[in-house]
Amino acid sequence: MMNALLAARFQAVRRDSEDLIAPLSAEDAGAQSMPDASPAKWHLAHTTWFFETVVLETLDPAYQSPFNGFRVLFNSYYQGVGPQFARPQRGLITRPSLAEVMHYRAAIDAQILQTLSHALHASVLGLIELGLHHEQQHQELLLMDLKHLFACNPLGPVYRDLPPITDIETPLHWLAYAGGVVDVGTSAPTFAFDNERPQHQHYLAPFSIANRLVTNREFLAFVSDGGYHNPAHWLADGWSTVQREQWTYPAYWRDARGQEAFTLGGWCPLPPNAPVCQTPMRAGRAPVCRPNLNGNTPHGSPPRRWITPRWPRAIRARRIPPLRGSSSCLTKSGSGPAVLTRPTPAFGPCPAWSPNTTASSWQTSWCCAAGAARRRQATRG
Ligand SMILES: [Fe+2]
């Protein structure tokens, strides 16, 4: 990418982060609702830390930060950089203030833009672009953490008004995919994360996948039928967590009736035909996919191993070993059934600020688990 283009993109991405916190007070931005979450202020500082530590220090090994202590305070888990401040205690970082963090951002932005005004080695340009993708990931995390924070507040704060959702029922049916040897990863010269390279081949067993995701209505049927009280539907660690945490319905639902859920727009009616969100990772996973064990189009009864007779197929397929491979196939192979088997949203486009749009994560893009909040076991920065 040319320097001028990269500079423009740098400014746009950095501005996006600041737009995201515009509706927040300094108190909102500094609070941490649980050990896995980070304050919005920390996300703003950490993404800046990345540019300072990874880019500016690479360019000048003698670089000395004028921001004393930030190198440790806003390091997430980059062991190679040095010590880190404990994540569960990020809410204790009342200093620097939000205003000082914004000053930090402005100062590092100016240095990066100054850097981009000169000829740079491709590797440095690559680091800056990596920093932008890193920041966009943190933009999603920021919203995810904010949703949990606001959900903890009995006042049910509204972050932003959300546009209405068109709730349209889409009939469920299965689409078969023949499997075979597929390409996984990318060889494109454009940006990709390191875990997307090198492209390699992978054998994918035949499988079928639903034409859409599991809906709130279908998951409510699971909840209403005692799905959270029956270990048969859970893997062992999931069931242990259900019992320990006393879960009886998905996170952010008002109650087990599944009529209302907390969103970044506050408490909202739950659209019955929208994909269910914030379901546990160890049961009832929304990706509707099952193995086709005999290699044929699965018109017959599915194997009992995967399916409990009382449940709609969309929910029954709770164990999905080929998911990673099949999702790669569907998104990478780009021909024949792969086009047909892409999941069809059962409702209109997600709001732009929804935290459930993590395109960079195969897990979150399939089951809307990005907002699983207190029930998640996420690995994150
Ligand atoms: Fe990070």
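Enquirer: What should I look at first to understand the overall build of the chain in this one?
Expert: Helix and strand counts for the chain come out as twelve helices and seven strands. For the chain, restricting intrachain contacts to residue pairs at least 6 apart in sequence, the fraction spanning at least 24 positions comes to 75%.

Enquirer: Honestly, unusual backbone geometry in this entry has me stumped. Any pointers?
Expert: Backbone phi values are negative for most residues with the exception of glycine, while trans is the configuration of most peptide bonds. For the peptide bond that leads from arginine 95 to proline 96, omega is 5 degrees, which places it in the cis range. Within the secondary structure layout, proline 96 lies in the loop between helix 4 (70-73) and helix 5 (98-116). In this structure, glutamine 278 is a non-glycine residue whose phi angle is positive, near 60 degrees. As for its position among the elements, glutamine 278 is in the loop between strand 6 (266-269) and strand 7 (289-291).

Enquirer: What am I meant to see in the packing of helix 1 (residues 3-20) against helix 6 (residues 122-151) here?
Expert: Two packed helices can be described by the angle between their axes and the distance between those axes. The N-to-C vectors of helix 1 and helix 6 enclose an angle of 20 degrees; their axes lie 10 Å apart at closest approach. Taken together, the axes of helix 1 and helix 6 are roughly parallel relative to one another. With respect to the hand of their crossing, helix 1 and helix 6 are arranged in left-handed fashion. For the pair formed by helix 1 and helix 6, the contact residues are Leu6, Arg9, Phe10, Val13, Asp16, Ser17 and Leu20 on the first element and Leu125, Ile128, Glu129, Leu132, Glu135, Gln136, Gln139, Leu142 and Leu143 on the second. Taken together, the residues of the contact of helix 1 with helix 6 break down into nine nonpolar, three polar and four charged.

Enquirer: Explain the nonpolar core here, please?
Expert: With 52 residues, the main nonpolar core has Ala40, Ala45 and Ile112 as its most contacted residues. Listing elements by their share of this core, those giving two or more residues are helix 1, helix 3 (40-59), helix 5, helix 6, helix 7 (216-224) and strand 5 (260-263). It is helix 6 that provides the largest number of residues to this core, a total of ten residues. Two domains each provide a minimum of three residues to this core, namely domain 1 (3-151) and domain 2 (174-375). Among residues more than four places away in sequence, those in contact with isoleucine 112 are Phe10, Phe51, Val55 and Ile128. Core analysis: the next-biggest nonpolar cluster, separate from the first, contains five residues, Trp174, Phe207, Ile209 and Ala210 among them.

Enquirer: Is there a simple way to explain the packing of helix 3 against helix 5 in this structure?
Expert: Where helix 3 contacts helix 5, the axes come no closer than 9 Å and their chain directions differ by 30 degrees. The orientation of helix 3 relative to helix 5 falls into the category roughly parallel. Like other packed secondary-structure pairs, helix 3 and helix 5 cross with a definite hand, here left-handed. Contact residues: Lys41, Leu44, Ala45, Thr48, Phe51, Glu52, Val55, Leu56 and Leu59 in helix 3; Leu98, Val101, Tyr104, Arg105, Ile108, Gln111, Ile112 and Thr115 in helix 5. Tallied by class, residues from the contact of helix 3 with helix 5 come to eleven nonpolar, three polar and three charged.

Enquirer: Hey, could you run me through the confidence of the model for the chain in this one?
Expert: The predicted coordinates ought not to be read in detail in places where the model reports low pLDDT. Averaged over all residues, the pLDDT of the chain is 78; the fraction at 70 or higher stands at 73%. Overall, residues 284-329 carries pLDDT values under 50, and its contacts beyond four positions in sequence, including any with other chains, amount to 98 contacts. Note that pLDDT drops below 50 for residues 331-380; the model gives that stretch 108 contacts with residues more than four away or on any other chain.

Enquirer: Would you mind going over the environment of phenylalanine 222 with me for this structure?
Expert: For phenylalanine 222, the position within the fold is in helix 7. According to the C-beta neighbour criterion, phenylalanine 222 is buried, with 28 such atoms within 10 Å. Along the primary structure phenylalanine 222 and tyrosine 249 are separated by 27 residues, whereas in three dimensions their C-alpha atoms are 9.4 Å apart.

Enquirer: Which parts of the structure should I look at to understand the environment of proline 272?
Expert: Counting through the fold element by element, proline 272 comes out in the loop between strand 6 and strand 7. Owing to 18 C-beta atoms within 10 Å, proline 272 belongs among the partly exposed residues under this scheme. A C-alpha to C-alpha distance of 8.7 Å links proline 272 and glycine 258, two positions 14 residues apart in sequence.

About the cut-offs
Residues numbered from 1 in each chain as written. Predicted model: local features only at pLDDT ≥ 70, side-chain atom pairs only at ≥ 80, totals over all residues. Helix = DSSP H or I, 4+ residues; strand = E, 2+ residues; numbered from the N terminus. Contact = placed C-beta atoms within 7 Å. Axes fitted to C-alpha atoms, helices over the stretch in contact; angles between N-to-C directions. Parallel < 35°, antiparallel > 145°, perpendicular 65-115°, else oblique. Left-handed = near helix turned anticlockwise from the far one by under 90°. Nonpolar A, V, L, I, M, F, W, Y, C, P; charged D, E, K, R; others polar. Core = buried A, V, L, I, M, F, W, Y, C linked by C-beta atoms within 7 Å. Buried ≥ 20, exposed ≤ 12 C-beta atoms within 10 Å, placed from the backbone. Domains from an automatic or database assignment. pLDDT = per-residue confidence, 0-100.

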